[in-house]
Amino acid sequence: MIGAAAFLSWRQRSIRRRDQRLRDRERICTAIQKIGSLDFDEMDIKLEGRELHDVKISLDKLRPAIEEKVGQLAWQADHDSLTNLLNANAFRMQSEHLLTTCSDLPQRGYLIYFDVNHFKRINDTLGHHAGDQVLVAIADRLRIASMTFAESRLQEVLADGDREALDMKLARLGGDEFVVFVPGDIGHAAIEKFVQRLQRLIYEPCAVGIQTLRISVSIGIAAAADNDNSFDRLLAAADSAMYAAKSVGGNTYRFFSEDMKSNADRVLEKEIEIRSAVAKNEFELYFQPQLNLRTGRIDTVEALIRWNHPEKGLVLPNDFIGFAETHGLIDEIGDWVITEAAKIAARWRDQGFDFKISLNISPKQLQRVELIPLIRASLAYHGVSPEQIEIEITEAAIMRDEGHSFDRLESLRKDGVKIALDDFGTGYSNISQLMMLPMDRLKLDRSLINDISMDQRKWVIASGMINLAKELGFLVVAEGVETRDQYDLLAEAGCDFIQGFFLSRPLPEQEMLSFVGKGAYIRDLALHSADSHARLASGWA
């Protein structure tokens, strides 16, 4: 028999060997995780002998999957998810590179900017899925026209040895806007021929469901004729030329000319102002509180951006957000809003306030693969719980890129972020679509709230939508509540939250915190009004 001392010695050796194996396994796993570049020379962990052999075997197995995943992420970061064309950021970077490459040429290239005539009508009448089919068809026809044009120039380019002249860049900026950069010393006539062919291709019959459509576009063209033409100036010039084409009825094209220069200069000046505003922190978040009608508490505030312009004073979002979306600046503003909101949420938590901040996310932001990592990183950096943040998105934004939008929103919900459907009642969802949306709250559009105290038909529609939303399991927020009568009726209908000037206008941070401190006023508002009971009981007497 083995002695007790020998047994204990053997047991201790076994435990040490087991612990060593666990430590070795942990070191190997850590090493694999740290090799982001798959380069052994950059490792900060020393491995020898069997350990190194095991790591190499593991990497050989993992390498194809890692490289494939990295490639997929890189591709997604540069491309529009609907059309698979370049996105705005990638188009900018690659076009700027080509402008620099062609700087010694008399003509550095052309930028072509176009959008779809009456695209909103297609969305409104046939739905956003039909609109997406049109955009995909246009992207496909743009590729065909570009390939044909490149082939026609092949012999000329090979003779000159300038292969980059065939490297045309095609992108969807967002919505129904597309751009093309054609590099190299190309004649006016050749570009005009390309644009005419592109128009003809796009105008060919397009099958959308059971419908056959004819799609027309308005095109603006700007030449990069000298080194003074930066990418921003070139894009502004093409944009001005496109609007000149629209001004004569659309379905045509215009080259940029000097008489359009003043408008292009204004566009460029505003782009520079907005970028400068982000860099100089001239934007500020105002907050409009939402009253919980069940508890009488403010537990959510909507963040609304304002611009403290150094010359114009306080500028409202209607005067710059649309421009930012059209000219590829909305990502910079949106990123600032997300990081600033996370910082403020952390400050409020430390001051003892526990309400959520609701953020508006634009359709273009929702299409970005970087959106979710940015939100997660901002919350983690400031130590903010995802439950402190709500994302507001419109129905149109979701339907524009349905598959990816659903996945991104569902991923945020799993993190704990709340999702609200904004402007509900102005879109075109059917009931089955509504049931599938990854949402927590529905925000009734103010157009549904107007005149409900004076027009019974409007009240029937509004109350019916409240009942429908609640039957589907959503909480309901009424926007644009401006009168006591509206408040009373919405409370009687079972609305969960109200937001509007009746409660408070949007306020700067400190004013909003002072307002929330007036607890007695808010609790009084949450009491149901006897007047609304009487009105409903009398059948709108």
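Residues numbered from 1 in each chain as written. Predicted model: local features only at pLDDT ≥ 70, side-chain atom pairs only at ≥ 80, totals over all residues. Heavy atoms only, no water.

1. Section: the layout of surface pockets
So, step 1. One number sums up the size of the second largest pocket: a volume of about 230 Å³.
So, step 2. Lining the second largest pocket are Gln 76, Arg 368, Val 369, Ile 372, Pro 373, Arg 376, His 404, Asp 407, Arg 408 and Ser 411.
So, step 3. Of all elements in the fold, only α13 (371-382) and α15 (402-415) reach the threshold of two or more residues within the lining of the second largest pocket.
So, step 4. Grouping the constituent residues of the lining of the second largest pocket by class yields 3 nonpolar, 3 polar and 4 charged. (1 Å grid on protein atoms, 1.4 Å probe; cavity = no way out; pocket = protein on both sides within 12 Å on 5 of 7 lines; lining within 4 Å. Points joined across faces, edges and corners; volume = space filled by probe spheres on them. Helix = DSSP H or I, 4+ residues; strand = E, 2+ residues; numbered from the N terminus. Nonpolar A, V, L, I, M, F, W, Y, C, P; charged D, E, K, R; others polar.)

2. Digging into the sheet that holds strand β1 (residues 109-116)
So, step 1. Strand order in the open sheet formed by 5 strands is β2-β3-β1-β6-β7, with mixed pairing between adjacent strands. The sheet terminates laterally at β2 (169-174) and β7 (253-255), the two strands that pair on one side only. Neighbour-to-neighbour, the strand axes of this sheet turn through a mean angle of 20 degrees, independent of strand direction.
So, step 2. Across 3 bridges, the pairing between strand β6 (residues 217-224) and β7 is parallel. Note on β7: the bridge partner recorded for Gly 220 is Arg 254.
So, step 3. The strands touched by helix α5 (residues 128-152) within the sheet are β1, β2 and β3 (177-183), with β3 carrying the most contacts at an inclination of about 10 degrees.
So, step 4. The strands that helix α8 (residues 231-247) touches are β1, β3, β6 and β7; relative to β6, the one it contacts most, it runs at about 145 degrees. (Pairing = 2+ DSSP bridges. Axes fitted to C-alpha atoms, helices over the stretch in contact; angles between N-to-C directions. Contact = heavy atoms within 4.5 Å.)

3. Points about the packing of helix α11 (residues 330-350) against helix α20 (residues 509-516)
So, step 1. In the contact formed by α11 and α20, the axes pass within 13 Å of each other and the chain directions differ by 40 degrees. For α11 against α20, the interelement crossing comes out right-handed. Residue-level contacts link Ile 344, Arg 347 and Trp 348 of α11 to Glu 509, Met 512 and Leu 513 of α20.
So, step 2. A breakdown of the residues in the contact of α11 with α20 according to their chemical character gives 4 nonpolar, no polar and 2 charged. (Left-handed = near helix turned anticlockwise from the far one by under 90°.)

4. As for helix α4 (residues 119-126)
So, step 1. The set of residues buried in α4 consists of Phe 119, Ile 122 and Asn 123. All buried residues of α4 lie within an arc of 95 degrees about the axis, which places them on one face of the element. Opposite the buried face of α4, at more than 90 degrees from it, the exposed residues are Lys 120, Arg 121 and Thr 125.
So, step 2. Of the residues flanking the end of α4, it is Gly 127, one or two places downstream, whose phi is positive at about 100 degrees. (Buried < 20%, exposed > 50% of the residue type's maximum accessible area, 1.4 Å probe, protein only. Arc of directions from axis to C-beta.)

5. Details of empty space enclosed by the protein
So, step 1. Scanning the model with the defined rule gives 4 cavities of 30 Å³ or more in all.
So, step 2. In this structure, the largest cavity occupies an estimated 290 Å³ of space.
So, step 3. Lining the largest cavity we find 20 residues, and of these Asn 87, Ala 88, Asp 331, Lys 364 and Arg 368 sit closest to its centre.
So, step 4. Of all elements in the fold, only α2 (49-78), α3 (88-101), β2 and α11 reach the threshold of two or more residues within the lining of the largest cavity.
So, step 5. Among the elements that take part in the lining of the largest cavity, β2 stands out by supplying 3 residues, more than any other.
So, step 6. For the lining of the largest cavity, a count of residues per class yields 6 nonpolar, 8 polar and 6 charged.
So, step 7. When its volume is computed, the second largest cavity comes out at roughly 100 Å³.
So, step 8. For the second largest cavity, the full set of lining residues is Ala 88, Asn 89, Phe 91, Arg 92, Tyr 113, Leu 173, Phe 231, Leu 235, Arg 275, Thr 326, His 327 and Gly 328.
So, step 9. Mapped by element, the contributors of at least two residues to the lining of the second largest cavity are α3 and α8.
So, step 10. It is α3 that provides the largest number of residues to the lining of the second largest cavity, a total of 4 residues.

6. Describing the confidence of the model for the protein chain
So, step 1. Averaged over the protein chain, the pLDDT score is 81; the fraction of residues at 70 or greater is 78%.
So, step 2. A low-confidence stretch, residues 34-45 stays under pLDDT 50, and its non-local contacts, those more than four residues away or across chains, total 18 contacts.
So, step 3. Across residues 527-541, confidence stays below pLDDT 50; counting only partners more than four residues off in sequence or on other chains, it has 22 contacts. (pLDDT = per-residue confidence, 0-100.)

7. Section: the packing of aromatic side chains
So, step 1. All told, the structure shown has 13 aromatic pairs when counted by the stated rule.
So, step 2. Of note, Lys 270 hangs over the ring of Phe 323, and the distance from its end group to the ring centre comes to 5.1 Å.
So, step 3. Just above the ring of Phe 497 sits the side chain of Arg 441; from NZ or CZ to the centre is 4.7 Å. (Phe/Tyr/Trp six-rings, centres within 6.5 Å; stacked < 30°, edge-to-face > 60°. Lys NZ or Arg CZ within 6 Å of the ring centre and 35° of its normal.)

8. Some words on the pairing of strand β15 (residues 475-478)
So, step 1. Two elements, strand β14 (residues 441-444) and β15, share 4 bridges in a ladder whose sense is parallel. Its bridge partner lying in β15, Arg 441 is registered against Leu 475.
So, step 2. Inspection of the sheet shows β15 paired to strand β16 (residues 497-498) by 2 bridges, in the parallel sense. Bridging from a neighbouring strand, Val 477 pairs with Phe 497 of β16.
So, step 3. With helix α19 (residues 484-492) bridging β15 and its parallel neighbour β16, the resulting β-α-β unit is right-handed. (Right-handed = clockwise from strand over helix to strand, strands pointing away.)

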